[in-house]
Amino acid sequence: DGSGLARTEYVAPQGELEEALALIWQELLGVERVGRHDNFFDLGGHSLLAVQVITKMQHKFSEKPQWTELESKLTLPVLFQTPTIAALANHSKKNVKINPIKLNESEAPLFFLVHDISGTTTPFSEFVNACGEQLSLYGLEIMDNLDLRDGPLTLEILAAKYITDIKTIQPVGPYRLLGYSIGGNIAYEMSRLLIQDGEKVEFVGLIDSQRASYVLSDVEKEHEVNKIQEYCIEKMLKPQLTPEAILCLEKIKAELSFGLKTPMISDERLSYYIEKFGSNAEKEGVSEFLIRSILQLLNYLHGLSVMAFSREENIPISAPVHLFVSDEADSNIRKKGQLVNESIAQSWCELLDNIDVVKVGGDHHTVMKSPHVNAILMHMFNVLDSQIKK
């Protein structure tokens, strides 16, 4: 097809369910046909299209009585982990619990990896590949735990849910946790709650994670929340939109408030806004379905960015903490909410006595790429070796 993308040999979808999924993918991906083993992302799929695919699949299933029970099983993490028609159909027929997700096959020491603001473990891909079978890795992802009816999402709420999840794999300690960016804060809170419950935590890894700080006023927190949201919109959302859709996005942002104290949009209000913005957007060539996807992503990013500042201050823990900092993070410094005077490493060192700081190079995004992930893994292996020798 001239796209230069790797394609598997075409195998036709099998059965009514696979055929229905294939038709949805064909429509949204704009391809002539989809085989049962074709990878969604190799076909040109990305995060915004993934949201649209999931929404459309769930809507399709809600219309058919025999498929109603499948609706709740097809979520964003499922698509990331099973990105083919055959795998999705197979998953939907099983009573499978999503979290935590097995990321590799290994009998080595077990680590749980906690997502960044993307809500998925996709940023750990190169880390998992570099690790091979030297560690046993499970990933924690957010979408199945993001229930608007629960009220505001906080680190404590999410950490408690994730502890319940990891105990299905490892009922008792010692636990080893590693989180990237905001995932480090979630991992730290999980460790605090585990220790509070009498469990042993052997390793807490924070990759470029800023420490929650009492010096941030509500005004400063509001500023930081807005910065996170704007960054995600510019880097994650806008590159996937047409100029017409970006114009609609700006109109939505101008009317909706996504501040620190603003609750997430309820399902009822979401429908109201979809109808309101969708009618005008269709006149400009932007489908109501795309408006729904944009609103859902904005709502999701809002919940995560507010959660990042939902704790007043980190409480010291007894477990050994390992802070991996990029060159960019090491130069970012904080004073009264502004990053001007105190490095990320320094702020954590002021809180904790039992902490290792490991400079791994790169910036906040390339830190999860090679060769920087190799430096993270090397430190983890050294720590494990020293624990075994003890």
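Before reading further, recall that the structure is shown in the block above.
Draft legend 1. Quick look at the packing of helix H6 (residues 155-166) against helix H7 (residues 182-196). The contact between H6 and H7 brings their axes to 9 Å, and the two run at 70°. The orientation of H6 with respect to H7, classified from their angle, is roughly perpendicular. Note that H6 runs across H7; the crossing there is right-handed. Here Leu155, Glu156, Leu158, Ala159, Ala160, Tyr162, Ile163 and Ile166 of H6 lie close against H7, whose contacting residues are Asn185, Ile186, Glu189, Met190, Arg192, Leu193 and Leu194. When its residues are assigned to classes, the contact of H6 with H7 shows eleven nonpolar, one polar and three charged.

Draft legend 2. Quick look at the environment of His37. Locating His37 in the fold gives a position in the loop between helix H1 (15-29) and helix H2 (47-63). Since its relative accessible area comes to 38%, His37 is described here as partly exposed. A sequence separation of 26 residues divides His37 from Val11, and the C-alpha atoms of the two residues are 6.8 Å apart.

Draft legend 3. Fine view of the pairing of strand E5 (residues 201-207). Within E5, seven of the seven residues are buried, which leaves it mostly tucked inside the rest of the structure. Here strand E4 (residues 175-180) pairs with E5 via six bridges, running parallel. Its bridge partner being in E5, Tyr175 is matched across the sheet by Val201. Since E4 and E5 lie parallel, the crossover through H7 that links them has a hand, and here it is right-handed. The sheet contact formed by E5 and strand E6 (residues 321-325) spans four bridges and is parallel. Paired with Ile207 across the strands is Phe324, a residue of E6.

About the cut-offs
Residues numbered from 1 in each chain as written. Predicted model: local features only at pLDDT ≥ 70, side-chain atom pairs only at ≥ 80, totals over all residues. Heavy atoms only, no water. Axes fitted to C-alpha atoms, helices over the stretch in contact; angles between N-to-C directions. Helix = DSSP H or I, 4+ residues; strand = E, 2+ residues; numbered from the N terminus. Parallel < 35°, antiparallel > 145°, perpendicular 65-115°, else oblique. Left-handed = near helix turned anticlockwise from the far one by under 90°. Contact = heavy atoms within 4.5 Å. Nonpolar A, V, L, I, M, F, W, Y, C, P; charged D, E, K, R; others polar. Buried < 20%, exposed > 50% of the residue type's maximum accessible area, 1.4 Å probe, protein only. Pairing = 2+ DSSP bridges. Right-handed = clockwise from strand over helix to strand, strands pointing away.

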